[in-house]
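# Architecture at a glance
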Amino acid sequence: MCGIVAYIGPKDATTFLLEGLQRLEYRGYDSAGVAVAGKAGTLKVCKVKGRVADLAAAVPANFFSKQRGKGSTGIGHTRWATHGVPSDANAHPHTDTSGRIAVVHNGIIENADELRARLLADGAVFTSETDTEVLGHLIAAHAVEGTELEDAVRAALGHVVGTYGIAVLDAAQPDRIVVARNGSPIVLGLGEKEMFVASDVAALVRYTRQVVHLEDGELATVRADGFRTFTEDARTVTRQPSTVDWEIASYDTAGYEHFLLKEIHEQPAAVERTLSGRLDERFATAHLGGLNLDARELREIRRVKILGCGSAYYAGEMGAQLIEELARIPAHSEPASEFRYRNPVIEADTLYVAVSQSGETYDTLAAVQEIKRKGGRVLGVVNTVGSAIARECDGGIYLHAGPEISVASTKAFTSTVIAFALLALHFGRINDLSPADGRRIVAGLKALPGQIREVLGQEAEIAKLAAEYAGSAGMMFIGRVRGYPVAREGAQKLKEISYVHAEAYPASELKHGPLALISPELPTVALVPDDELLDKNLTTLGEIKARSGRVLAIGHRAPEAKLADHAILVPKSEPELDPLLLNIPLQLLAYYAAVALERDVDKPRNLAKSVTVE
Ligand code: G6P
């Protein structure tokens, strides 16, 4: 999804802008561009359809960004097309007719057509199909002689309906960059006599750990020696910087071929961090300091509703299962993208839980805001500290999984389920989960990092199987009850990164429809844990084999040869925690299938890491 970077200070702006954009590549994009303030009140813009490397090659040698003696100022962008096709013309930055004001923008301007018509009538000349271009013209219309850039931006935004994170450069005032946020993140990075701006800390961590997150409805004037934050009605607000604690090394593939493979391997350590300091062996429960709910308040909760998108939604399904089993509270997960549009009934005794790796997903944020507007209570299960969703929630659990760069989620998914296991344990022990069962779950959780390592030890065999199955036209994933969310996430991973069609079904539903699809061309990945449903699952495998279907079983014991063609075995955990381990081979299966098919594993086509638009 779109990314913003900006620099003001004594160094060469273009160098930082190109490096920063490269750090944001993981979010997904189709074009990139930069604008720098040049000599004598001019702006230079370079933008291309394609990769940041294409942009770097296109920046002309005379693309100076250093004004002699005055330092340099610039803004940059990676675009993910919404209004208008990916093209050089539609790439950001966009300028006004005179080429004095340049703007980069994440989000969507809803009244762009109306604004465009008005600006055209006033003589503006448009050069792109984007909604963003209206911002450049609109700001220019307010930037009359003697107006400070921040006042022009504030006045222009007064006419705008929609969501935005923007950075604005004015050739006539190159001593500042003005940024604004409404629904799309903007982070300021504080350096020594230099300042950075980005839509994501990933672009900044190489330069500074001191950051300020803008709130919705806020703007900032950023100068080389500092910044000032203020509201849309010009009230100054004070923002204290916070320190980013993510390691710079997390933004590097560290010798792995892809971020995805690295992140799969980081899971044992990520799980340890999610669990760290949260298990209480004495009372066989979990400590979750950020919930902001005491035992009495928790006991009054009658229902749990979990909301997230994509893998976060599937992790929520595993979470719902854990909460219902351990705390005996009805729990359900729903796509946040659906929930927000169906005028949901918000109940006082329901606990709402928003799940998001990035903490930026617009659909999830909008769902949280709708619940809060109606007086509901929302917890966040979020990876990114200080993100929009984390700030909007009443309390929550941070994953501490470390940054996840690959578009497809792996370690954040696993850590999310761990966070739900902790919540379910805590909740259960406040309700009727026995101390013995609490101890069983605590021990089960502690064993998980080592058990994940054991599964990862089978990488070479799984890679071979993946290459064998990758040629299939499609794949079926089945699981029963606890296994069903595993099947859904497994199918999601495969289609996301290998583009092989994958469908997930509850194993119990196979005979009610999809059995008609079974043939040697459509192999089935079946989740067959050694639990109370084992016999039922084996019967389903028999039904598939009777229709000449191929079966890859994932479980704890290899089924007889007549029931499965291949099996991947994982260590046994507690039945409630088994789904976590059953999911790991499916990640490797998807990864190696994508590698066998030579896909762009970390940046699958058409997808973005953080979907900050509707
Ligand atoms: C996008 C990504 C998915 C991700 C989902 C939720 O659709 O492509 O991989 O699962 O967003 O992201 P979040 O950051 O909210 O967990």
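From a predicted model like this one, the values you see are computed outputs, not experimental measurements.

## Focus: the pairing of strand 26 (residues 551-555)
Of all five residues in strand 26, five are buried, a share of seventy percent or more. Of the two faces of strand 26, both are covered, the one formed by V551, A553 and G555 as well as the one formed by L552 and I554. Crossover connection from strand 25 (residues 524-528) via helix 17 (residues 534-546) to parallel strand 26: handedness right-handed. Pairing analysis gives four bridges linking strand 26 to strand 27 (residues 566-569), with the strands arranged parallel. Its bridge partner lying in strand 27, A553 is registered against A567.

## What about the domain arrangement of the chain?
Structurally, the chain comprises domain 1 (3-244), domain 2 (249-454) and domain 3 (457-605). Of note, the centres of domain 2 and domain 3, computed from C-alpha atoms alone, are 25 Å apart. On the side of domain 3, 34 residues touch domain 2, which itself brings 37 residues to the contact. Of the roughly 3,100 Å² buried where domain 2 meets domain 3, counting both sides, 60% is carbon and sulfur surface. Counting every contact that joins domain 2 to domain 3 gives four salt bridges. Here E325 makes a salt bridge to R482, at a shortest N to O gap of 2.8 Å. Linking domain 2 to domain 3 there are 18 residue pairs in polar contact (both at pLDDT 80 or more). Going through the elements one at a time, helix 6 (259-265), helix 9 (311-327), helix 13 (411-430) and helix 14 (435-456) are the ones with two or more residues in the side of domain 2 that touches domain 3.

## A few points about the pattern of salt bridges
Evaluated as defined, the whole model comprises 39 salt bridges. Measuring nitrogen to oxygen at the nearest pair gives 3.5 Å for the salt bridge that ties D600 to R51. Of this pair, D600 sits in the segment after helix 18 (578-596) while R51 sits in the loop between strand 3 (43-49) and helix 2 (52-58), and the two are 549 residues apart along the sequence. Residue R377 pairs with E297 through a salt bridge whose shortest N-O separation is 3.6 Å.

## Digging into the UniProt feature "domain: SIS" (unreviewed entry) in the chain
The UniProt feature table records "domain: SIS" (unreviewed entry) at residues 294-433 and 465-604. Within the segment residues 294-433, helix and strand shares are 45% and 20% respectively, and the terminal C-alpha atoms sit 17 Å apart.

## Remarks on the sheet that holds strand 4 (residues 72-79)
The eight strands lie next to each other as 3-2-4-1-10-9-11-15, forming an open sheet whose pairing is antiparallel. In this open sheet, the two strands that pair with only one neighbour each are strand 3 and strand 15 (242-243). Here three bridges tie strand 9 (residues 187-190) to strand 11 (residues 210-213), and the two strands are oriented antiparallel to one another. Bridging across to strand 11, V187 finds its partner in H213.

## Digging into unusual backbone geometry
The phi torsion of most residues other than glycine is negative, and most of the peptide bonds are trans. The peptide bond linking H92 to P93 adopts the cis configuration, its omega dihedral lying at 0°. Assignment of secondary structure puts P93 in the loop between strand 4 and strand 5 (94-95). A positive phi is found at R328, a non-glycine position, where the angle reads about 55°. Backbone geometry at V481 places phi at a positive 50°, although glycine is not the residue there. V481 sits in the partly exposed class, given a relative accessible area of 49%.

## Thoughts on the sheet that holds strand 21 (residues 377-382)
The strand order across the open sheet formed by five strands is 19-18-20-21-22, and the pairing between neighbours is parallel. Each edge of the open sheet carries a strand with a single partner, namely strand 19 (331-335) and strand 22 (395-398). For this sheet the average axis-to-axis angle between neighbouring strands, irrespective of direction, equals 20°. When strand 18 (residues 303-308) meets strand 20 (residues 350-356), the two strands line up parallel, connected through five bridges.

## Observations concerning the nonpolar core
With 92 residues, the main nonpolar core has V304, I323, F420, L445 and F477 as its most contacted residues. The element best represented in this core is helix 13, accounting for 13 residues. The residue makeup of this core includes at least three contributed by each of domain 2 (249-454) and domain 3 (457-605). The contact partners of V304, leaving out residues within four places of it in the chain, are I323, I329, P330, A331, H332, T350, L351, V353 and F427. Counting 33 residues, the second largest nonpolar core, distinct from the first, contains V36, L55, A202 and W246.

## Examining the packing of aromatic side chains
For the structure shown, the criterion picks out eight aromatic pairs. Pairing Y7 with F16 gives two aromatic rings, centres 5.8 Å apart and planes at 40°, and the pair type is tilted. Classification of Y7 as buried rests on a relative accessible area of 1%. On the basis of relative accessible area, F16 is assigned to the buried category, the value being 4%. Through a chain of ring-to-ring contacts, three or more aromatic side chains come together here, namely Y7, F16, F196 and Y207. Lying over the aromatic face of Y499, R605 brings its terminal NZ or CZ to 4.0 Å of the ring centre.

## Focus: helix 5 (residues 149-157)
Every buried residue of helix 5 is listed here: L149, E150, A152, V153, A156 and L157. Viewed end-on, helix 5 has its buried residues packed into an arc of 160°, placing them on one side of the element. Among the structural elements, strand 6 (101-106), helix 4 (133-142), strand 7 (164-170), strand 8 (177-182), strand 12 (218-223) and strand 13 (226-231) are those in contact with the buried residues of helix 5.

Each value, and the rule that gives it
- Residues numbered from 1 in each chain as written.
- Predicted model: local features only at pLDDT ≥ 70, side-chain atom pairs only at ≥ 80, totals over all residues.
- Heavy atoms only, no water.
- Buried < 20%, exposed > 50% of the residue type's maximum accessible area, 1.4 Å probe, protein only.
- Helix = DSSP H or I, 4+ residues; strand = E, 2+ residues; numbered from the N terminus.
- Right-handed = clockwise from strand over helix to strand, strands pointing away.
- Pairing = 2+ DSSP bridges.
- Domains from an automatic or database assignment.
- Contact = heavy atoms within 4.5 Å.
- Buried area = accessible area lost by both parts, 1.4 Å probe.
- Salt bridge = Lys/Arg side-chain N within 4 Å of Asp/Glu carboxyl O.
- Polar contact = N/O pair within 3.5 Å; in protein donor to acceptor, adjacent residues only side chain to side chain.
- UniProt positions renumbered as here; feature names shortened; annotations may be inferred.
- Axes fitted to C-alpha atoms, helices over the stretch in contact; angles between N-to-C directions.
- Core = buried A, V, L, I, M, F, W, Y, C linked by side-chain atoms within 4.5 Å.
- Phe/Tyr/Trp six-rings, centres within 6.5 Å; stacked < 30°, edge-to-face > 60°.
- Lys NZ or Arg CZ within 6 Å of the ring centre and 35° of its normal.
- Arc of directions from axis to C-beta.

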